[in-house]
Amino acid sequence: MTPTVLLLGGTTEAMRMGQALAARGVRATISLAGRVKSPAEQPLPVRIGGFGGVDGLVAHLKAEGVTHVIDATHPFAAQMSANAVAACDALDLPLLALTRAPWKAGAQDRWIHVPDMDGAVAALSGRPRRVFLALGRMNLPAFGAQPQHDYLLRLVDAPDRLPLPKAQVVIDRGPFEVEGDLALMRAHRTELVVSKNAGGTGAQAKIVAARKLRLPVVMIDRPAIPARAEAHSVEEVLDWLHGDTARGV
């Protein structure tokens, strides 16, 4: 059976997965949420925007004749991942998540673990500090509750407006290097970093830089996602896809 793949993307892993599928001539589409105004060029045909919940995703999978779904979204895209599990269960379609291992604190790290974004906002109460808020623009409004800080924001797109009264914006796209993040934090005189536990290597430079500078990091734990099959490399996904199609699944 010739597979038709829907690749849920928006990450470095999704880009690599897309390149591998394209190189092998697999019929596939990559879906992007549309939160970035100018997404990086993709190796596959692109669909941009939401599906309209589980029902909308089910309808899309049926209409496009999708046989396999690969979820390579960001570890914090919990709603999209949950919808993918529900839609594939409803249609009895094979689903595999291409995931990254979370970061783990080492002996030299000074992490303050919080369970969610509200916990991160609460962790910033108190005296004004110089904070590297490394979260992306969608999460910025919540930190309006802590306006006393001098924030450093690194964003892919320039924001239309900022919900923070004191903020310096750097427009850049990863992956980033440790030396660059060290220079950025030193220039801003950063005292505290706020980060999601995204895992992987593309955004890890700020964590390594914070360790070298002995800075505390407010680390936001990953959200819960329904149980699903997971792989940790492009090769594993290709083996899964080949095995399923060879068996006519």
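Anyway, here's the lowdown on the structure attached to this text. It should be emphasised that the depicted structure is a prediction, and the values quoted were computed from it without experimental measurement. (Residues numbered from 1 in each chain as written. Predicted model: local features only at pLDDT ≥ 70, side-chain atom pairs only at ≥ 80, totals over all residues. Heavy atoms only, no water.)

If you walk across this open sheet you meet the 6 strands as β3-β2-β1-β4-β5-β12, and the pairing is parallel. Where the open sheet ends on each side, the last strands, each with one partner, are β3 (46–48) and β12 (230–231). As judged from the 3 bridges shared by strand β2 (residues 27–32) and β3, these two strands associate in the parallel manner. Counted as the bridge partner of serine 31 is arginine 47 from β3. Helix α1 (residues 12–23) contacts β1 (4–8), β2, β4 (68–71) and β5 (95–98) of the sheet and is inclined by roughly 160 degrees relative to β1. (Pairing = 2+ DSSP bridges. Helix = DSSP H or I, 4+ residues; strand = E, 2+ residues; numbered from the N terminus. Contact = heavy atoms within 4.5 Å. Axes fitted to C-alpha atoms, helices over the stretch in contact; angles between N-to-C directions.)

A few words now on the pattern of salt bridges. Any two side chains of opposite charge can pair if their charged atoms end up close together. Counted by the stated rule, this structure contains 7 salt bridges. Arginine 211 serves as the salt-bridge partner of aspartate 109, at 2.9 Å between the closest nitrogen and oxygen. Remark: arginine 211 occurs in helix α6 (residues 205–212) and aspartate 109 occurs in the loop between β5 and β6 (110–114); sequence separation between them is 102 residues. One salt-bridge network, held together by shared partners, links Asp71, Arg228 and Glu230. (Salt bridge = Lys/Arg side-chain N within 4 Å of Asp/Glu carboxyl O.)

Between its first and last C-alpha, helix α3 (residues 78–91) extends 20 Å over 14 residues, near the 20 Å set by a 1.5 Å rise per residue. Along α3, the residues that are buried comprise Ala78, Ser81, Asn83, Ala84, Val85, Ala87 and Cys88. Those residues of α3 that are buried are in contact with β1, α2 (53–63), β4 and β5. Among the residues trailing α3, aspartate 92 stands out with phi positive, at a value near 55 degrees. (Expected span 1.5 Å × (residues − 1). Buried < 20%, exposed > 50% of the residue type's maximum accessible area, 1.4 Å probe, protein only.)

When you tally the buried positions in α6, you get 6 out of 8 residues, the bulk of the element. Looking only at α6, the buried set comprises Ala205, Lys206, Ile207, Val208, Ala209 and Ala210. Summarising the contacts, the buried residues of α6 are in contact with β6, β7 (130–134), β8 (150–155), α5 (178–188), β10 (192–196) and β11 (216–220).

Next up on the list: the nonpolar core. Ranked by internal contacts, the top residues of the largest apolar core, which has 21 residues, are Val5, Leu7, Met17, Leu21, Ile70 and Val237. The biggest single contributor to this core is helix α7 (residues 234–246), with 5 residues. Ignoring anything within four residues of it in the chain, the contact list for leucine 7 reads Ala14, Met17, Gly18, Leu21, Thr29, Ile30, Ser31, Leu44, Ile70 and Ala72. If you look at the next biggest cluster of nonpolar residues, it comprises 19 residues, including Val114, Leu140, Phe143 and Leu164. (Core = buried A, V, L, I, M, F, W, Y, C linked by side-chain atoms within 4.5 Å.)

Here the focus is the packing of aromatic side chains. Each aromatic ring pair is characterised by the separation of its centres together with the angle its planes make. Taken as a whole and judged by the stated rule, the model has 0 aromatic pairs. The positively charged end of arginine 154 is found above the aromatic ring belonging to phenylalanine 176, 3.5 Å away from the centroid. (Phe/Tyr/Trp six-rings, centres within 6.5 Å; stacked < 30°, edge-to-face > 60°. Lys NZ or Arg CZ within 6 Å of the ring centre and 35° of its normal.)

This part covers unusual backbone geometry. Phi angles above zero are rare outside glycine, and aspartate 92 is one such case at about 55 degrees. Relative to the assigned elements, aspartate 92 resides in the loop between α3 and β5. The exposed category is assigned to aspartate 92, whose relative accessible area is 69%. Phi is positive for arginine 189, which is not a glycine, with a value near 55 degrees. The residue arginine 189 is located in the loop between α5 and β10 in this model.

Two elements in contact, α5 and α6, have axes whose closest approach is 8 Å; the angle formed by their N-to-C orientations is 60 degrees. Regarding the angle of α5 to α6, the classification is oblique. Considering only the axes of α5 and α6, their crossing is right-handed. On α6, the residues touching Val178, Asp181, Leu182 and Met185 of α5 are Ala205, Lys206, Val208, Ala209, Ala210 and Lys212. Classifying every residue of the contact of α5 with α6 gives 7 nonpolar, no polar and 3 charged. (Parallel < 35°, antiparallel > 145°, perpendicular 65-115°, else oblique. Left-handed = near helix turned anticlockwise from the far one by under 90°. Nonpolar A, V, L, I, M, F, W, Y, C, P; charged D, E, K, R; others polar.)

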